[in-house]
Amino acid sequence: VLVYLNARQPWWWAGPTRRLLTALMALWPMVVGGSRVYLDAHWASDIMGGFLLGTAHFFASLWIFGRWLARRGMTAAEAAD
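Small disclaimer: the values here were computed from a predicted structure and weren't measured. (Residues numbered from 1 in each chain as written. Predicted model: local features only at pLDDT ≥ 70, side-chain atom pairs only at ≥ 80, totals over all residues. Heavy atoms only, no water.)

Draft legend 1. Main features of the overall build of the chain. A count of helices and strands for the chain gives four helices and zero strands. Each helix and strand of the chain, placed in order from N terminus to C terminus, yields the pattern α-α-α-α. Expressed as a percentage of the 81 residues in the chain, the buried residues total 10%. Summed over all atoms, the accessible surface of the chain reaches about 6800 Å², with 70% contributed by carbon and sulfur. (Helix = DSSP H or I, 4+ residues; strand = E, 2+ residues; numbered from the N terminus. Buried < 20%, exposed > 50% of the residue type's maximum accessible area, 1.4 Å probe, protein only. Areas by Shrake-Rupley, 256 points an atom, 1.4 Å probe, with all protein chains shown as cover.)

Draft legend 2. Looking closely at unusual backbone geometry. Phi at D40 takes a positive value of approximately 60 degrees, unusual for a residue other than glycine. Looking at D40, the relative accessible area reads 69%, which means it is exposed.

Draft legend 3. How the structure looks around the packing of helix α2 (residues 16–38) against helix α3 (residues 44–72). Look at α2 against α3: their axes get within 9 Å of each other, and the N-to-C directions meet at 155 degrees. Taken together, the axis directions place α2 and α3 in an arrangement best described as roughly antiparallel. Crossing geometry of α2 relative to α3 is assigned as right-handed. Where α2 approaches α3, its residues P29, M30, G33, R36 and V37 are matched on the opposing element by A44, I47 and F51. Tallied by class, the residues present in the contact of α2 with α3 amount to six nonpolar, one polar and one charged. (Axes fitted to C-alpha atoms, helices over the stretch in contact; angles between N-to-C directions. Parallel < 35°, antiparallel > 145°, perpendicular 65-115°, else oblique. Left-handed = near helix turned anticlockwise from the far one by under 90°. Contact = heavy atoms within 4.5 Å. Nonpolar A, V, L, I, M, F, W, Y, C, P; charged D, E, K, R; others polar.)

Draft legend 4. Spatial organisation of the packing of aromatic side chains. Counted according to the given criterion, the structure contains two aromatic pairs. Ring centres of F65 and W68 lie 5.8 Å apart, and the angle between their planes is 25 degrees; this geometry places the pair in the stacked category. Here W68 and F65 lie together in helix α3, a separation of three residues that amounts to about one turn. Given the relative accessible area of 44%, W68 is considered partly exposed. (Phe/Tyr/Trp six-rings, centres within 6.5 Å; stacked < 30°, edge-to-face > 60°.)

Draft legend 5. Fine view of the layout of surface pockets. For the largest pocket, the calculated volume is near 430 Å³. What lines the largest pocket is a set of 13 residues, and nearest its centre among them are V1, V3, M25, P29 and T55. Among the secondary structure elements, those contributing two or more residues to the lining of the largest pocket are α1 (2–8), α2 and α3. Broken down by element, the residue count for the lining of the largest pocket peaks at five residues, all from α3. Of the residues in the lining of the largest pocket, the class split is ten nonpolar, three polar and no charged. (1 Å grid on protein atoms, 1.4 Å probe; cavity = no way out; pocket = protein on both sides within 12 Å on 5 of 7 lines; lining within 4 Å. Points joined across faces, edges and corners; volume = space filled by probe spheres on them.)

Structure representation (structure tokens):
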């Protein structure tokens with residue numbers, strides 16, 4: 001979610017800092033998942049299942065939010081204001 005919000009917002013630090021922040025936020029869950037497998041706390045399939053479930057939940061939330069905004073006659077840019 002943070003990666004999505006960072007990519008969508010016209011913040012003042014657009015450019016290399018923004019790209020670095022987005023890359024770090026995208027890499028963090030992968031590092032945590034890899035460490036869980038390395039430490040034998042989870043199987044790799046558990047981690048992949050969690051990533052897939054989290055991704056599906058994220059896109060379902062975006063879809064539901066988009067429908068809710070459309071029902072109210074708003075765009076995402078108007079809702080951000």
